[in-house]
Amino acid sequence: MIKELDTLKERISNAAEESGRSPEAIRLVAVGKTQPVERIREAITSGAEIIGENYIQEAREKFDQLVQMDVQWHFIGHLQRNKAKYAVRMFDLIHTVDSFRLARELDRQARNVNKIQPILVQVNISGEQTKSGVGEMQAVELIESVLGMENLRLEGLMTMPPFFDAPEKARPFFVALRQLRDRLVRELKIELKELSMGMTGDFEVAIEEGATLVRIGTALFGARQ
Ligand SMILES: *Cc1c(COP(=O)(O)O)cnc(C)c1O
């Protein structure tokens, strides 16, 4: 695991340097979905600083067993409103806020536990029906609502491009997310420092286009069952 993690960190650094960015500007989210708790523990002791999880129930089991460990937890899966309470308890950053109703419920749950919950808005840049995320046109409206919610703190945007065999094909979607971010920053006069984009197959391209959080499972843990 140390070897995989070192290799990955080096690839991240190289991609950053080749595009004139500082490697410190990019954080690795080690995606632990379907991996047993012992593999997650191993990743943390090998130096992973952020664990990403997709499913609340699975995350709760891991979180309870690893709660003593010095690591951040990020939620990257589709979040149902009735699980918002658990998400707020566990996660340092929720990447996948994609509706007003979900945002409002997270805000309410965060207020209950006196927390300011950092979030990202997930944007469906490709417009594919099967992908979750708010449409580009609706993003402004959702973000304006979120800015009015006292217990949420919007830190940036997240996207999942369609699955392609070649990473270059994902590039236009990463560019589009960055351009949307730049436009929102200009028009709403807000700060949006995080761009969560890039996975095992395409993270180098995502870094070239401005990713600050790359979500990587397979390159670290191997193929999922
Ligand atoms: C599973 C998953 C990842 C990691 O995918 P890999 O290809 O294994 O790196 C990243 N982001 C999300 C939202 C995921 O569900």
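Just above sits the structure.
Quick summary incoming for the structure in this document. (Residues numbered from 1 in each chain as written. Predicted model: local features only at pLDDT ≥ 70, side-chain atom pairs only at ≥ 80, totals over all residues. Heavy atoms only, no water.)

1. Focus: the packing of helix H6 (residues 136-147) against helix H7 (residues 171-188)
Look at H6 against H7: their axes get within 12 Å of each other, and the N-to-C directions meet at 45°. With respect to each other, H6 and H7 are oriented oblique. H7 is crossed by H6, and the crossing has right-handed handedness. The residues of H7 that touch H6, namely those facing Glu136, Ala139, Val140, Ile143, Glu144 and Leu147, are Leu180, Arg183, Leu184 and Leu188. Of the residues in the contact of H6 with H7, the class split is seven nonpolar, no polar and three charged. (Axes fitted to C-alpha atoms, helices over the stretch in contact; angles between N-to-C directions. Helix = DSSP H or I, 4+ residues; strand = E, 2+ residues; numbered from the N terminus. Parallel < 35°, antiparallel > 145°, perpendicular 65-115°, else oblique. Left-handed = near helix turned anticlockwise from the far one by under 90°. Contact = heavy atoms within 4.5 Å. Nonpolar A, V, L, I, M, F, W, Y, C, P; charged D, E, K, R; others polar.)

2. Some remarks on the pattern of salt bridges
If you walk through the whole model with that rule in mind, you get 18 salt bridges. The partner of glutamate 155 in a salt bridge is lysine 193, with the nearest N and O atoms 3.9 Å apart. Pair noted here: glutamate 155 is in strand E7 (residues 152-158) and lysine 193 is in the loop between H7 and strand E8 (194-196), with a separation of 38 residues, a long-range link. On the basis of relative accessible area, glutamate 155 is assigned to the buried category, the value being 12%. Across the pair glutamate 194 and lysine 193 runs a salt bridge, and its minimum N-O distance is 3.9 Å. Using a relative accessible area of 6% as the deciding quantity, one classes glutamate 194 as buried. Under the relative-accessibility criterion, lysine 193 is labelled partly exposed at 45%. When salt bridges that share partners are traced, they join Arg27, Arg153, Glu155, Lys193 and Glu194 into one network. (Salt bridge = Lys/Arg side-chain N within 4 Å of Asp/Glu carboxyl O. Buried < 20%, exposed > 50% of the residue type's maximum accessible area, 1.4 Å probe, protein only.)

3. Re the nonpolar core
In this structure, Phe91, Ile94, Leu106, Leu157, Ile207 and Val214 are the most contacted members of the largest nonpolar core, which totals 70 residues. Top element by residues in this core is H7. It accounts for seven residues. In this view, leucine 157 contacts Leu120, Val121, Val123, Ile143, Leu177, Leu180, Arg181, Leu184, Glu194, Leu195 and Ser196; residues no more than four positions away in its chain are not counted. Judged by nonpolar contacts, the second largest core, of six residues, contains Ile50, Leu93, Leu120 and Leu213. (Core = buried A, V, L, I, M, F, W, Y, C linked by side-chain atoms within 4.5 Å.)

4. Structural notes on helix H2 (residues 37-45)
Those residues of H2 that fall on the buried side of the exposure criterion are Val37, Ile40, Ala43 and Ile44. Burial along H2 is one-sided: seen end-on, the buried residues are contained in an arc of 115°. For H2, the secondary structure elements touched by its buried residues are helix H1 (2-18), strand E2 (50-53), helix H3 (56-66), strand E3 (72-75) and helix H9 (218-221). (Arc of directions from axis to C-beta.)

5. Digging into the side chain of glutamate 209
Mapping glutamate 209 onto the fold places it in the loop between helix H8 (203-208) and strand E9 (213-216). Setting aside anything within four residues of it in sequence, one finds glutamate 209 in contact with Arg171, Phe174, Val175, Arg178 and Met197.

6. Quick look at unusual backbone geometry
The phi torsion at threonine 34 lies on the positive side, around 70°, for a residue other than glycine. If you trace the backbone, threonine 34 turns up in the loop between strand E1 (27-31) and H2. Despite not being glycine, asparagine 114 shows a phi value in the positive range, around 60°. Mapped onto the elements, asparagine 114 comes out in the loop between helix H5 (100-112) and strand E5 (117-124). On the basis of relative accessible area, asparagine 114 is assigned to the exposed category, the value being 74%.

7. Section: the side chain of serine 196
Inspection of the secondary structure puts serine 196 in strand E8. Side-chain polar atoms of serine 196 contact the side chain of histidine 95, separated by 2.9 Å. Not counting chain neighbours up to four residues away, the residues in contact with serine 196 comprise His95, Leu120, Leu157, Met158, Thr159, Leu213 and Arg215. (Polar contact = N/O pair within 3.5 Å; in protein donor to acceptor, adjacent residues only side chain to side chain.)

8. What about the packing of aromatic side chains?
All chains considered together, the criterion is met by two aromatic pairs. The ring of tyrosine 86 has arginine 60 lying over it, and the distance from NZ or CZ to the ring centre is 4.0 Å. (Phe/Tyr/Trp six-rings, centres within 6.5 Å; stacked < 30°, edge-to-face > 60°. Lys NZ or Arg CZ within 6 Å of the ring centre and 35° of its normal.)

9. Quick word on the pairing of strand E4 (residues 93-97)
Most of E4 is tucked away, with five of its five residues classed as buried. Relative to E4, E3 is paired through two bridges, and the arrangement is parallel. Note that in E4 the partner of phenylalanine 75 across the bridge is isoleucine 94. What joins E3 to E4 is helix H4 (residues 84-90), and the crossover it makes is right-handed. Sheet analysis places E4 next to E5, joined by two bridges and oriented parallel. Within E5, the residue paired with isoleucine 94 across the bridge is isoleucine 119. With H5 bridging E4 and the parallel E5, this β-α-β connection has right-handed handedness. (Pairing = 2+ DSSP bridges. Right-handed = clockwise from strand over helix to strand, strands pointing away.)

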